[in-house]
Amino acid sequence: MINILDKTFVPLISREDIENRITTLANEITNDYQGRCPIFVVVLNGAFLFASELVKRIPLTCEISFIRLSSYAKTESTGEVREIIGMDNNIEGRDVIIIEDIVDTGLTMSQLLSQLNGLAPASVAIATLLHKPEALQTSIDLKYIGFNIGNKFVVGYGLDYDGIGRNLDSLYVLA
Ligand code: 5GP
């Protein structure tokens, strides 16, 4: 059990289970993109740890780009429309793989997808460490999912609670 600010969290997924699952996803991506040069688009801040563990297990020639796009303040979604910040690679005609920490309602991802599709990539796939199927409000094809989890707030492995907890090497859920 850990305390972050005013909340208590309990262990959800261990570091070992996360890393094993990431290895499996990396192998799938490596097989699916043989002979291609994908561009990974990492959604900061939450996906930084997942992205680094994932891409170092993928021995393909590839590019990695980092963007920002956030919709959460504390534990509630604000539902705001946010623009992509920092997309300086030209993705026209490229195979894009978005790396995200978590798809909750899916609204952030739908906005991101429609903005990226406007830049005429050859394909776009999504790799997300976590997904909350019960919270999903829109239909999205999530090709690579680390773990499906319940509809509860989680921290660790890149995800924060009010700025804290990103450095935890395993995942915790609100008690
Ligand atoms: P969505 O638009 O899918 O509802 O929200 C996506 C974003 O909300 C994620 O990229 C993440 O930043 C944040 N988010 C959603 N659920 C959680 C959660 O359980 N914990 C944390 N720390 N962030 C979350």
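Residues numbered from 1 in each chain as written. Predicted model: local features only at pLDDT ≥ 70, side-chain atom pairs only at ≥ 80, totals over all residues. Heavy atoms only, no water.

Novice: Describe the site of the ligand, naming the residues involved and giving the relevant values.
Specialist: Near the ligand there are 17 residues, and of these T105, T108, K132, V154 and D160 occur at the shortest range. In this structure, an oxygen atom belonging to the ligand sits 2.4 Å away from a side-chain N or O atom of T108. Taking K132, its side chain carries an N or O atom lying 2.7 Å from an oxygen atom of the ligand. For the ligand, the protein covers 93% of the area, taking 510 Å² as the surface of the free molecule. Among the elements that make up the shell around the ligand, the one with the highest residue count is strand β7 (residues 95-103) (four residues). (Near = heavy atom within 4 Å. Polar contact = N/O pair within 3.5 Å; in protein donor to acceptor, adjacent residues only side chain to side chain. Areas by Shrake-Rupley, 256 points an atom, 1.4 Å probe, with all protein chains shown as cover. Helix = DSSP H or I, 4+ residues; strand = E, 2+ residues; numbered from the N terminus.)

Novice: Break down the pairing of strand β3 (residues 39-44) for me, with residues and values.
Specialist: With five of six residues buried, β3 is to be regarded as a mostly interior element. By the bridge criterion, six bridges tie β3 to strand β4 (residues 63-68) in an arrangement that is parallel. Its bridge partner being in β4, V42 is matched across the sheet by F66. Crossover handedness for the path β3 to helix α2 (residues 48-55) to β4: right-handed. (Buried < 20%, exposed > 50% of the residue type's maximum accessible area, 1.4 Å probe, protein only. Pairing = 2+ DSSP bridges. Right-handed = clockwise from strand over helix to strand, strands pointing away.)

Novice: Just give me the short version of unusual backbone geometry, but keep the residues and values in it.
Specialist: The phi torsion of most residues other than glycine is negative, and most of the peptide bonds are trans. N45 follows L44 through a cis peptide bond whose omega is 5 degrees. Positioned with a positive phi, D162 is a non-glycine residue whose angle comes to about 50 degrees. Residue placement: D162 occurs in the loop between β10 (154-155) and β11 (171-174).

Novice: Please set out the pairing of β11 residue by residue, giving values where relevant.
Specialist: Bridge analysis of strand β2 (residues 7-13) against β11 gives four bridges, and the strand direction is antiparallel. Bridging from a neighbouring strand, V10 pairs with V173 of β11. As defined by bridge partners, β10 adjoins β11 across two bridges and the pair is classed as antiparallel. Bridging from a neighbouring strand, V154 pairs with V173 of β11.

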